[in-house]
Amino acid sequence: MTHQELRTLWTSFWEKKAHKLVSPAPLVLQNDPTTLFTSSGMQPLIPYLNGEAHPLGKKLYNIQLCFRAVDIDEVGNNRHTTFFEMMGNWSLGDYFKEEQLGWIWEFFTQELKLPKEKLYVSVFEGEGEVFADHESVKIWKKLGVADDHIHFYGSDKNWWSRSGPPNKMPVGEIGGPDSEVFYDFGEDLKIHENSPFKEKECHPNCDCGRFLEIGNSVFIQYKKSANGSLTELPQKNVDYGGGLERILAAVNNDPDIFKTDVFSSIIRIIEVETGISYDKSEKKAEMRVIADHMKAAVFMIVSGVIPSNKEQGYMLRRLLRRAAIKTRSVSGDLPVKLFISVGNAVLTIYDGYDGINKKEQETLVASVISNEMNKFSQSLDNGLKYFNKYEKVDEKIAFDLFQNFGFPFEVTQELVEEKGYSLDPTRFNEHYESHKNQSRTASAGTFKGGLADQSEQVLKYHTATHLLHQALRDVLGPSVRQEGSNITGERLRFDFFVDKKPDTDAFKKVEQIINEKIAEKLSVECKILPKKEAEKIGALYFFKEKYGDEVKVYFVGDYSKEFCGGPHVQNTGEIGSIKITKVKKIGSNLMRIYAQ
Ligand code: GLY
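Since this is a predicted model, take the numbers as computed values, not measurements. (Residues numbered from 1 in each chain as written. Predicted model: local features only at pLDDT ≥ 70, side-chain atom pairs only at ≥ 80, totals over all residues. Heavy atoms only, no water.)

Caption draft 1: Representation of helix α6 (residues 264–274) in the model. Buried within α6 are the following residues: I266, I267, I270, E271 and T274. For α6, the arc enclosing every buried residue in end-on projection is 140°, short of the 170-degree limit, so these residues lie on one face. Backbone geometry just downstream of α6 places G275 in the positive-phi region, at approximately 70°. (Buried < 20%, exposed > 50% of the residue type's maximum accessible area, 1.4 Å probe, protein only. Helix = DSSP H or I, 4+ residues; strand = E, 2+ residues; numbered from the N terminus. Arc of directions from axis to C-beta.)

Caption draft 2: Fine view of unusual backbone geometry. Residue K113 is not a glycine yet carries a positive backbone phi of 60°. As for its position among the elements, K113 is in the loop between α3 (97–111) and β4 (119–124). Notably, N253 is not glycine yet its phi reads approximately 55°, a positive angle. With respect to the helices, strands and loops of the structure, N253 is situated in the loop between α5 (244–251) and α6.

Caption draft 3: Inspection of α3 at higher detail. Across its 15 residues, α3 extends 20 Å between first and last C-alpha, which sits within 8% of the 21 Å expected from 1.5 Å per residue. What α3 keeps buried is the set K97, Q100, L101, G102, W103, I104, W105, F107, F108 and T109. The positive-phi residue at the C-terminal boundary of α3 is K113, with phi of around 60°. (Expected span 1.5 Å × (residues − 1).)

Caption draft 4: Molecular detail of the sheet that holds strand β13 (residues 550–556). As summarised here, the arrangement of the three strands in space is β12-β13-β14, forming an open sheet in which the pairing is antiparallel. The sheet is open, and its two edges are formed by β12 (524–530) and β14 (560–563), each paired on a single side. Averaged over all pairs of adjacent strands, the angle between their axes in this sheet comes to 25°, without regard to strand direction. The pairing of β13 with β14 spans four bridges and is classified as antiparallel. Its bridge partner being in β14, V553 is matched across the sheet by F563. (Pairing = 2+ DSSP bridges. Axes fitted to C-alpha atoms, helices over the stretch in contact; angles between N-to-C directions.)

Caption draft 5: Up close: the site of the ligand. Taken together, the neighbourhood of the ligand is formed by M42, R68, M86, W160, N216, V218 and D239. The side chain of R68 places a nitrogen or oxygen atom 2.9 Å from an oxygen atom of the ligand. The separation between an oxygen atom of the ligand and a polar side-chain atom of W160 is 3.4 Å. Looking at side-chain class alone, the shell around the ligand contains four nonpolar, one polar and two charged residues. (Near = heavy atom within 4 Å. Polar contact = N/O pair within 3.5 Å; in protein donor to acceptor, adjacent residues only side chain to side chain. Nonpolar A, V, L, I, M, F, W, Y, C, P; charged D, E, K, R; others polar.)

Caption draft 6: Structural view of the packing of helix α14 (residues 456–476) against helix α15 (residues 506–519). As a packed pair, α14 and α15 sit with axes 9 Å apart at the nearest point and diverge in direction by 130°. The orientation of α14 relative to α15 falls into the category oblique. Crossing handedness for the pair α14 and α15: right-handed. Together, L467, L468, A471, L472, D474, V475 and L476 of α14 and A506, F507, K509, V510, I513, I514, K517 and I518 of α15 make up the contact between the two elements. Its residues placed into classes, the contact of α14 with α15 shows twelve nonpolar, no polar and three charged. (Parallel < 35°, antiparallel > 145°, perpendicular 65-115°, else oblique. Left-handed = near helix turned anticlockwise from the far one by under 90°. Contact = heavy atoms within 4.5 Å.)

Caption draft 7: Expanded view of the pattern of salt bridges. Counted by the stated rule, this structure contains 29 salt bridges. The partner of R210 in a salt bridge is D184, and the shortest N-O contact between them spans 2.8 Å. Residue R210 is located in the loop between β7 (174–184) and β8 (211–224), and its partner D184 is located in strand β7; the two are separated by 26 residues in the primary sequence. A relative accessible area of 11% means that R210 is categorised as buried. (Salt bridge = Lys/Arg side-chain N within 4 Å of Asp/Glu carboxyl O.)

Caption draft 8: Focus on the confidence of the model for the protein chain. Looking at the protein chain as a whole, its pLDDT mean stands at 91, while 95% of the residues score no less than 70. Counting contacts from residues 439–449, a segment whose pLDDT is below 50, to residues more than four positions away or on other chains yields eleven contacts. (pLDDT = per-residue confidence, 0-100.)

Caption draft 9: Highlighting the packing of aromatic side chains. As enumerated under the stated definition, the model contains 31 aromatic pairs in all. Here F258 and F263 contribute two aromatic rings whose centre-to-centre distance is 4.5 Å and whose plane-to-plane angle is 45°, an arrangement assigned as tilted. Considered together, F258 and F263 belong to a single accessibility category, that of buried residues. Considering the side-chain rings of F402 and Y432, the 5.7 Å spacing of their centres and the 70° angle between planes classify their relative orientation as edge-to-face. Taken together, the residues F402 in helix α11 (residues 395–405) and Y432 in helix α13 (residues 425–443) connect sequence positions 30 residues apart. Three or more aromatic residues link up through ring pairs in this structure, and these residues are W10, F13, W14, Y95, W103, F107, F108 and Y240. Over the ring of F219 we find K97, and its NZ or CZ is 5.0 Å from the ring centre. Over the aromatic face of F497 sits the side chain of R481, whose NZ or CZ is 4.6 Å from the ring centroid. (Phe/Tyr/Trp six-rings, centres within 6.5 Å; stacked < 30°, edge-to-face > 60°. Lys NZ or Arg CZ within 6 Å of the ring centre and 35° of its normal.)

As structure tokens, then:
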């Protein structure tokens, strides 16, 4: 079955059941303080699940594009993706368990003709104030589900809210017990026997991949209250979600969702471009990550996201860079052509569907992808060199890699796992938070690097400051010594010592040199060197700073070299032009320059 056929079946089924099609929400959310992406079909319906009247009535359905960053580490197995389409239906205080389970069973067994003996269901076993869901058990039995195909689980498996089980739900969050349907790919495939879980007994929620969860009916009837308990909502709702890609895999009776037609042409391109066969190689997991991440990236790009270090842009950057690292591990190379071809394949698969228009979007997709991949490949080699210097990389080094070479945390985690150990994300976050605090102090102008933040403009001024430092020495002589600097998005400020009064035209010359160096488009590179070696090659340093035994030195072409923590632009051409706006004497032999 193709994905288009499945979508049509879903639509006609709910139309027959007198449901109304509710427009899906955008994948990328703007101005939503709680979340960056739509991650479930129910998300846009929260006010109506809470009791507000929906203009289309009480029975709704649709297919929603979803992105779930929480699953990013699971991608690589047969069934997890960050991006997927969720087929959903809802009762907003209308029908409840009896109709819902009956209809879902009808859809799976009659519309899709999935054999009953291959279907298993799960129900909530009860916890705290919420009882076990014997009502659903009765309904499943009435529908003909055998006793040994019905399994009870706790709130970790059979409770759904956007934030997980009751103890994780914030005040005001809605959720409830759920009942899932699983497809069994069968013992004969020996999936369990060949999995890391082979020592344990297999069951529907076993992680071996033999069973695939294909649908989840959530009975949304609770809200978390301020005193920590669950209160009943004014109405009992149904919120069903089933992953289209997974249902397709079940219909095709192949446990690998990457074999469905929403992935197969992407995998094929990765095979062609890398020369590696998906089925035969040990790099299957990597190829799946590339396929998933590139697909999610394309959907973000067409929604207007561009790679950056913030919010949605950072997620896009992470996806592209993770895909890049995996590609390198598959083919030893970073062929930008591969990423562009994959981007095109994604547009071809979804052309005409939910915001995708291949003809109009292919240039944008190709340029955003190639731009980011080119940027990353420049820092990748240096980053890997830095990584390989260490016998054992810890969370602090992982943070350096993130900060200085653009390695998302998981990229370093992937890399260290290949060496047989792993990093603690909490400790990495501690470094991240402490850095953020330092940056906050930076806004007050007291950060030691003198940067207000790490915006593009600040980076440009930062590199310009290195050019300024060297140009001052060229014009005013080697007595010039940095006394301080402070950079904001509006201007750079640089304080320096000089042993004599500068000539009247000295700063014109300085400005001219800086702009010449900008026009030369010099590349900016960073090296980590033993302090002694850095001093030997004449790298400038800020004498008030205390340096360790190893220092970072930024080279601007062969014009300037300076001890510095970064970050900088990659090429002086990015700076544009620099104008010295003010020069003043601030002390004996001390001067201050402002430039923009
Ligand atoms: N909203 C139901 C689910 O995501 O499983």
